[in-house]
Amino acid sequence: MSHQMLIAILLLSPLVGFILNGVRFRSSNYLLAGSIATGAVAVSFACAIALFMQLVGLPPEQRRLTVSFFEWISVGSFKVNAGFVVDQISAIMILIITGVGSLIHLFSIGYMHHDKGVTKYFAYLNFFLFNMLILVLGDSLLTMFVGWEGVGLCSYLLIGFWFNDSAKAAAGMKAFITNRIGDAAFIIGMFILFMTFGTLNMHELNGLAPTIMESSWLGAVTLGTLMLFIGATGKSAQIPLYVWLPDAMAGPTPVSALIHAATMVTAGVYMIVRLNPLFVVAPNTMMVIAIVGAATAVLAATIGLTQTDIKKVLAYSTVSQLGYMFLAVGVGAFGAGMFHLMTHAFFKALMFLGSGSVIHAMHEEQDIRKMGGLKKYLPITHFTFVLGWLAIIGMPPFAGFFSKDEILWFAYSSPRGHILLWIAGAIGATLTAFYMTRLMALTFWGSSRVDKSVHPHESPLVMTIPLMVLGLLSVIGGWVGIPHVISEFVGHIPNFWEHWLEPLITKLPEASQVAHSATEEWALMGVSVSLASISALAAFIMYTKKAGAADKVANAFGPVYKLVDNKYYVDEAYFGVIINPLVSASRDLWHYVDVNVIDKATYKITDLVRGGGSFVRSLQNGNMQQYAMYVVLGVVIALSYMLVG
Amino acid sequence: MMLSLLVFLPVFFALVVAIWPQKSTVRHLALGFSIIEFLVSLLMLQKFDSNSAALQMVEKVSWIDRFGISYFMGIDGISLMLVMLTTFLTPIIILGSWKSIDQRVKGFHSALFILQTAMLGSFLAMDAILFYVFWELSLVPMYFIVGIWGGSRRIYATVKFFIYTMAGSVLMLLAIIFMMNLTPEVTGGVMSASLLDFYKLEIPFISGDFFTTQTMLFFAFALAFAIKVPMFPLHTWLPDAHVEAPTPGSVVLAGVMLKMGTYCFLRWVIPLFPEATEHYGWIFIAAGVIGIVYGALVAMVQPDVKKLVAYSSVSHMGYIIVGLFTMNAYGLNGGLYQMLNHGISTGALFLLIGMIYERTHSREISKYGGLASALPIFTIIFVIVTMSSIAVPLTNGFIGEFLILLGSFQYSPAVAAVSVSGVVLGAAYMLWMVKRVFFGPKGQLVLESEKDAHHALHDLSAREIVVMAPLLLMIFWMGLFPNHFMDYSKVSVDYLIKNKMNYSFPTGAEQAHTEEK
Amino acid sequence: MPSTSFLTDISINHYLILSAILFSIGMAGVLLRRNIIVLFMSIELMLNAVNISFVTFSHYFDKVDGQVMVFFVMTIAAAEAAVGLALAVSIFKRFKEVNIRFFEHLKG
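I will try to describe carefully the structure that is included in this document. Just so you know, these numbers come straight off a predicted model, no measurement behind them.

### Observations concerning the packing of aromatic side chains
Okay, so step 1: On inspection of all chains with the given rule, the structure shows 75 aromatic pairs over all chains.
Okay, so step 2: Where Phe401 of chain A meets Phe402 of chain A, the ring centres are 5.1 Å apart and the plane angle is 70 degrees; that geometry is what we call edge-to-face. Each member of the pair, Phe401 of chain A as well as Phe402 of chain A, is classed as buried.
Okay, so step 3: Where Tyr199 of chain B meets Tyr503 of chain B, the ring centres are 5.2 Å apart and the plane angle is 85 degrees; that geometry is what we call edge-to-face. Of this pair, Tyr199 of chain B sits in helix α9 (residues 195-200) while Tyr503 of chain B sits in the loop between α23 (482-498) and α24 (508-516), placing them 304 residues apart in sequence.
Okay, so step 4: A relative accessible area of 2% places Tyr503 of chain B in the buried class.
Okay, so step 5: A cation sits over an aromatic face here: Lys120 of chain A above Phe161 of chain A, 5.3 Å from the ring centre.

Rendered as structure tokens:
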């Protein structure tokens with residue numbers, strides 16, 4: 001099949017699934033709905049594989065399949081086509097999206113089967129995939145933006161899926177509006193780039209990227225990329241717009257796995273990698289990205305330490321891991337960022353689905369304080385979860401190790417890196433190891449704190465198969481990008497990942513000046529892995545062996561613990577400083593400006609007219625003699641005017 | 001004769017409806033008539049040559065010779081779309097008011113048809129006085145529609161609406177008469193009210209001096225149109241009028257009448273007073289930008305759904321004003337497109353609010369809640385329309401808003417930076433409203449309806465779905481294939497931009513020449 | 001103009017001054033008196049003051065137009081008096097009142 005056809009099917013298949021399920025949204029036939037939806041994604045997955053194979057068959061420099069369906073907008077010199085492109089970067093993305101997507105769809109059949117809105121759920125899920133595919137395949141920033149907003153919409157619908165709960169509906173709204181703040185910046189970023197380069201086509205933009213670094217903060221490329229990055233902080237939940245993601249856990253758990261871990265939230269990273277030639281020439285933007293990424297990685301990890309909701313822990317962990325990806329792209333390690341994006345998609349989707357399996361088993365209980373000892377009830381879930389846990393804390397040879405290690409190495413060694421960035425990353429990794437182990441310990445290990453009325457049970461195969469597949473991927477997923485030092489040590493395993501992405505990744509111009517030795521790399525790797533191991537061990541002891549140790553630590557830290565436990569009061573600050581004042585100011589605007597100033601001013605004018613009217617009216621008082629007097633006065637005035645003038 | 005037929009057919013319909021003997025079939029008759037009118041407009045669309053910026057289907061008959069006033073009509077790409085919008089919305093309005101208007105049905109439909117004539121006339125008139133007649137005529141039926149079929153404070157609202165608009169129109173009339181007195185310069189001694197002769201005038205402009213002819217005329221015209229739009233701070237009549245108007249009245253008002261203001265900026269102000277527009281455009285851009293933010297903020301805190309949508313109109317119309325006064329291709333095309341979008345999405349919102357009002361007899365947001373489970377189809381449609389209103393891509397709203405923002409960025413990045421906040425605020429007030437009305441636990445109204453079998457909430461009827469279907473179709477069609485629509489107006493708008501300093505409709509020969517280039 | 005000749009030589013000014021005085025008296029009557037009958041009389045006075053002017057000018061310019069005009073005025077005055085008095089009588093019959101201030105119903 002031609003690649004145009006494949007891309008069309010790839011895109012339209014989920015849309016068809018959406019329509020098929022959407023028109024019969026009242027149905028509660030979960031099997032039919034699930035089969036349609038999963039089938040649709042599976043078709044897309046097949047197309048994605050076919051496209052990937054086609055790409056592999058091409059010489060590296062020509063790996064670029066494009067298609068343009070129609071001219072979408074054309075005004076003046078602004079022309080945007082409904083054009084899509086599959087190249088090395090987007091091929092990886094579509095494989096992840098449709099691959100992980102179909103697993104999650106499959107899982108959903110089991111997870112959502114008792115829900116009345118199951119057909120609607122699958123419709124939304126398919127619609128999300130459609131938008132996500134547009135996002136990654138779009139050949140111009142505007143086409144990407146279509147998907148960008150579309151996934152935001154789906155996220156809104158799915159977070160507020162159980163809309164009868166006011167808090168869940170509010171979480172959906174919060175997600176959409178927070179994303180919109182980023183989107184507004186994204187729009188401005190597009191304008192800046194369009195006005196500078198005269199196109200929004202990403203391939204052309206990359207080709208037009210200047211060769212000289214922009215050192216000024218006010219340069220067009222710097223400002224444009226900075227705006228795009230603000231857009232990315234919204235979508236990918238970075239400081240300062242990360243607040244929506246933890247709340248987004250109000251949605252069904254597979255949604256959290258698909259949208260809020262594996263795919264949508266990585267869109268920001270993807271966008272930056274996609275436009276890497278532009279970002280490279282704006283070192284200031286890159287610096288901001290790296291700092292924001294590192295700060296988010298640490299901040300979210302600290303909040304993760306105190307959360308008690310299994311999904312919230314994972315959510316903060318996602319925010320933190322996304323911080324790593326931004327740290328990577330911020331120091332110019334675009335390949336490493338993409339690499340972590342992929343491995344994270346595997347192990348985080350796995351862990352979210354695992355948590356879904358746990359929640360399913362616990363009858364909708366999400367509080368890890370009421371779990372414990374679930375290992376024996378949920379053996380498969382536990383086993384796969386352990387794989388995910390090992391991957392995320394960066395134990396070799398699990399997937400997360402390779403990608404995280406590469407990021408940390410670049411944070412230190414890249415010409416745009418800094419030892420402080422590495423330290424932040426290492427602290428983040430240590431914290432991650434701690435809170436993930438805490439999560440494992442409280443959920444699966446130790447003694448059971450499960451309520452007597454609840455009888456946990458292992459999930460059905462339809463849910464455990466996706467877990468197993470993802471578990472496998474969490475183990476081997478990192479092997480495609482084994483760093484040089486290790487591969488030389490083990491025996492020349494080629495770094496597929498780097499070769500694959502090479503044609504599209506711009507090398508940092510400063511790169512050649514600094515040389516780093518392999519010893520350094522080994523040393524840093526050793527430090528981060530041992531830090532993670534120690535902290536994981538500490539957490540394991542604290543939460544399984546020594547009951548009460550955790551509380552003692554919490555008490556010892558007192559106010560700091562309280563601050564972290566309340567998520568640094570960021571939500572409260574946003575409400576107190578921005579939202580509430582804005583709403584009350586709006587009320588004032590309405591009451592004072594509209595009602596009191598503008599309307600009163602118009603009333604004043606009408607009063608004036610009315611006053612004039614009543615004055616004239618008083619002249620006509622019915623007294624004929626006075627009327628006669630007016631006539632006389634008039635004649636006198638007219639005559640005297642004629643005489644004088 | 002095409003245009004005259006189009007404009008005056010509704011008058012004939014109004015008469016027939018008024019004297020129709022059978023009360024029960026008046027609605028069917030009116031619906032049939034409005035569909036006929038739409039078909040006629042389609043016929044016209046089909047005859048229209050979209051490759052030409054020239055004035056087409058011209059009709060000119062002398063009317064009052066002494067003052068050079070003539071019956072002069074013509075159509076170009078700019079007016080075409082608005083004419084289509086008018087004829088498209090009317091059947092929808094009639095079908096939408098099937099149940100809500102149950103008194104003086106004949107009178108209502110007659111008024112609606114007269115209003116249609118007035119609106120079409122003011123889009124098509126190319127003679128200043130003829131235009132003025134239609135412009136003022138549009139007030140009369142609207143006055144009755146709000147005043148007779150409106151809510152409890154309808155008299156206050158109609159009077160406010162009438163006086164506001166009238167105040168602006170008087171200034172415009174003065175300006176028109178003044179310009180007619182200038183025309184002998186270009187016509188060789190004869191007075192003329194033809195827009196084409198107005199275009200030929202070179203009205204003196206001295207930059208910086210407010211009391212020059214062009215500046216004064218510019219403000220006289222612009223004020224009249226700005227009130228109609230309505231532009232901040234002249235907007236306060238709009239929320240009142242919308243809240244008190246019956247549903248069909250609100251739809252016409254938001255859907256078409258507001259566009260008369262913005263359309264006239266394009267047709268009259270920009271080509272007639274190019275220097276003044278360029279020089280004082282920033283005032284309107286500033287007012288538009290304030291309107292965007294202000295309308296959105298005030299909409300956010302409204303307790304009444306209809307008032308919320310009314311204020312959202314202030315915000316959306318602010319976008320259009322900004323777009324038009326940027327005077328570049330993006331802003332003007334986007335502004336024109338946004339006129340259609342706003343007509344469709346806000347019209348749809350008012351229809352939907354009308355439908356829910358028929359069921360619950362309340363518009364207070366705080367009394368709603370949990371409607372989504374009671375009325376699923378209604379909710380789906382409402383959310384789709386909401387998405388169009390807040391300009392989510394692949395709906396019509398996005399194209400217009402994006403182009404306007406792009407145009408404003410070209411005009412000044414600062415303007416775009418402020419306007420873009422409307423994107424966020426728009427989402428905030430609409431989604432917050434959606435959340436409070438549809439989501440969350442069942443609110444007071446839903447609970448009451450569950451107790452009382454008589455007032456049980458029914459989801460949309462087949463008629464109501466038919467009302468919404470064309471609007472939903474347009475939302476996606478216009479979002480996916482904007483070129484299908486813009487192709488009709490693009491040539492005219494581009495021609496306006498290229499020749500704005502010395503605008504006049506191209507003749508056939510000129511047109512051919514520009515195309516060769 | 002010496003003061004003696006003003007008394008002896010009767011010029012056009014004398015007639016016009018007389019006319020003006022009569023007119024002013026009539027006007028003062030219309031504006032100040034309350035009785036409807038007196039008002040009518042004052043109006044007659046004003047009309048006749050005008051008549052004097054007409055006749056004067058007619059004589060002075062040696063043209064007959066002014067005198068013709070006087071006839072018209074007199075006819076009108078007669079007709080007006082007839083209608084006016086009839087109204088006055090019927091008003092008096094109805095309200096037993098001839099004070100013009102009593103009739104102020106037509107105010108705005």
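### Some thoughts on the pattern of salt bridges
Okay, so step 1: One pass over the structure, following the stated rule, counts 18 salt bridges over all chains.
Okay, so step 2: For Glu464 of chain B, the salt bridge identified is with Arg463 of chain B, shortest N-O distance 3.9 Å.
Okay, so step 3: Residue class for Glu464 of chain B comes out buried when judged on its relative accessible area of 3%.
Okay, so step 4: We classify Arg463 of chain B as buried; its relative accessible area is 15%.
Okay, so step 5: Each of the salt bridges in this network shares a partner with another, and the network as a whole consists of Asp599 of chain A together with Arg153, Lys160 and Asp240 of chain B.

### Focus: the interface of chain C and chain A
Buried accessible area, meaning the area lost when the parts come together, often serves as the stated size of an interface.
Okay, so step 1: At the interface, 15 residues of chain C touch 11 residues of chain A.
Okay, so step 2: Run the count over chain C and chain A and you get 0 salt bridges.
Okay, so step 3: For the side of chain C that touches chain A, the element with the most residues is helix α2 (residues 12-32) of chain C, which contributes 5 residues.
Okay, so step 4: For the side of chain C that touches chain A, the residue count by class is 8 nonpolar, 2 polar and 5 charged.

### A look at the environment of Ser504 of chain B
Okay, so step 1: Here Ser504 of chain B is to be found in the loop between α23 and α24.
Okay, so step 2: Through-space distance from the C-alpha of Ser504 of chain B to that of Pro271 of chain B is 7.8 Å; in sequence the pair is 233 residues apart.

What counts and how
Residues numbered from 1 in each chain as written. Chains lettered and ligands numbered in written order. Predicted model: local features only at pLDDT ≥ 70, side-chain atom pairs only at ≥ 80, totals over all residues. Heavy atoms only, no water. Phe/Tyr/Trp six-rings, centres within 6.5 Å; stacked < 30°, edge-to-face > 60°. Buried < 20%, exposed > 50% of the residue type's maximum accessible area, 1.4 Å probe, protein only. Helix = DSSP H or I, 4+ residues; strand = E, 2+ residues; numbered from the N terminus. Lys NZ or Arg CZ within 6 Å of the ring centre and 35° of its normal. Salt bridge = Lys/Arg side-chain N within 4 Å of Asp/Glu carboxyl O. Contact = heavy atoms within 4.5 Å. Nonpolar A, V, L, I, M, F, W, Y, C, P; charged D, E, K, R; others polar.

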